[in-house]
Amino acid sequence: MFNKLLKIWKDKDLRNKILFVLVMLAIFRIAAHIPMPGIDAENLKRFFNSNQILGLVNVFSGGAMATFSIVALGIAPYITSSIIFQLLTMIIPKLEALSKEEGGKQKINQYTRFVTVPLAFIQSYGMINLLSRSSTQIFLDLSPFNIVSMMITMTAGTVFLMWIGELISEKKVGNGISLLI
């Protein structure tokens, strides 16, 4: 085992790819600790500690929900969009034919990315709405402007993670989206 790791480390190209992936994963973890402005962190922590189901959901988000970070949605909207297009490919003959064409998978991937943005926007509203209905006051100011700015920030966080996942995939070390999960 140690010999294999040593061989990997000696291959400069492979070593650089692995280091790149590790840096991207570190950037993701740092982003998961950047809280959304206008949040009462203590009340948010108390809220997640008092609810076991939300605590479990927080574990799946890598802890990003408990801090209500800019990447609190994670890559869930992208995964949802990907599942939607996989199902649509089985149902709609034109999409099935497109997926079999040369370059068709890239087009479907592009469609998946485009659908991710509105899904992230809708899911961010759902998350803000869920947290705003709690018995503890989590948000300091919930004006329409602040809600929309939080939704845009969370959507941008999802797009940022999607981009990091694609950068990792381009290095051919693994599936970037799977590594982010």
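Only a predicted model underlies this, so the values are computations on that prediction, with no experimental measurement involved.

In this section: the nonpolar core. Counting 20 residues, the largest nonpolar core has Phe 68, Met 127, Leu 131, Phe 139 and Met 154 as its most contacted members. If you list the elements that add at least two residues to this core, you get helix H3 (41-50), helix H7 (104-132) and helix H8 (144-170). Each residue touching Phe 68, except ones within four places of it in the same chain, is listed here: Pro 35, Met 36, Ile 39, Leu 44, Met 127, Ile 128, Leu 131, Phe 139, Met 150 and Met 154. In this structure, Phe 28, Val 71, Tyr 78 and Ile 164 belong to the second largest nonpolar core, which totals 15 residues.

Another aspect to go through is the side chain of Thr 116. Within the secondary structure, Thr 116 is located in helix H7. The exposure class of Thr 116 is buried, given its relative accessible area of 0%. Within the structure, the side chain of Thr 116 is placed 2.7 Å from the backbone oxygen of Thr 112, a separation counted as a polar contact. Not counting residues up to four positions away in its chain, the partners in contact with Thr 116 are Pro 77, Tyr 78, Ser 81, Thr 158 and Met 162.

This part takes up the pattern of salt bridges. Throughout the structure, instances matching the rule amount to three salt bridges. Across the pair Glu 96 and Lys 100 runs a salt bridge whose closest N-O atoms are separated by 3.4 Å. In this pair, Glu 96 and Lys 100 both sit in helix H6 (residues 93-100), four residues apart, roughly one turn of the helix. You can call Lys 100 exposed: its relative accessible area is 65%. Close ionic contact of Arg 113 with Glu 166 constitutes a salt bridge, the shortest N to O distance being 2.4 Å. Taken together, the residues span a long stretch of sequence, with Arg 113 in helix H7 and Glu 166 in helix H8 at a distance of 53 residues. According to the relative accessible area criterion, Glu 166 is partly exposed, its value standing at 23%.

Our focus in this paragraph is the packing of H7 against H8. Here H7 crosses H8 at 135°, and the two axes come no closer than 8 Å. By the criterion of interaxial angle, the relationship of H7 to H8 is oblique. Here the hand of the crossing between H7 and H8 comes out right-handed. Judged by residue contacts, Arg 113, Thr 116, Val 117, Ala 120, Phe 121, Ser 124, Tyr 125, Met 127 and Ile 128 of H7 engage Ile 147, Met 150, Met 151, Ile 152, Met 154, Thr 155, Thr 158, Val 159, Met 162 and Glu 166 from H8. Taken together, the residues that form the contact of H7 with H8 break down as 13 nonpolar, four polar and two charged.

The next point concerns the packing of aromatic side chains. In total, this model carries three aromatic pairs according to the counting rule given. For the pair Phe 68 and Phe 139, a centre-to-centre distance of 5.7 Å together with 80° between the ring planes defines the contact as edge-to-face. You can see Phe 68 sitting in the loop between helix H4 (52-60) and helix H5 (76-91) and its partner Phe 139 sitting in the loop between H7 and H8, a full 71 residues away along the chain. Per residue, the accessibility class of Phe 68 equals that of Phe 139, and both read buried. Over the face of the ring belonging to Phe 28 we find Arg 29, whose NZ or CZ atom lies 5.6 Å from the ring centre. Cation over ring: Lys 171 sits above Phe 20, and NZ or CZ is 4.7 Å from the ring centre.

Rules behind the numbers
Residues numbered from 1 in each chain as written. Predicted model: local features only at pLDDT ≥ 70, side-chain atom pairs only at ≥ 80, totals over all residues. Heavy atoms only, no water. Core = buried A, V, L, I, M, F, W, Y, C linked by side-chain atoms within 4.5 Å. Buried < 20%, exposed > 50% of the residue type's maximum accessible area, 1.4 Å probe, protein only. Helix = DSSP H or I, 4+ residues; strand = E, 2+ residues; numbered from the N terminus. Contact = heavy atoms within 4.5 Å. Polar contact = N/O pair within 3.5 Å; in protein donor to acceptor, adjacent residues only side chain to side chain. Salt bridge = Lys/Arg side-chain N within 4 Å of Asp/Glu carboxyl O. Axes fitted to C-alpha atoms, helices over the stretch in contact; angles between N-to-C directions. Parallel < 35°, antiparallel > 145°, perpendicular 65-115°, else oblique. Left-handed = near helix turned anticlockwise from the far one by under 90°. Nonpolar A, V, L, I, M, F, W, Y, C, P; charged D, E, K, R; others polar. Phe/Tyr/Trp six-rings, centres within 6.5 Å; stacked < 30°, edge-to-face > 60°. Lys NZ or Arg CZ within 6 Å of the ring centre and 35° of its normal.

Bear in mind that shape data such as this cannot, by itself, settle questions of function.
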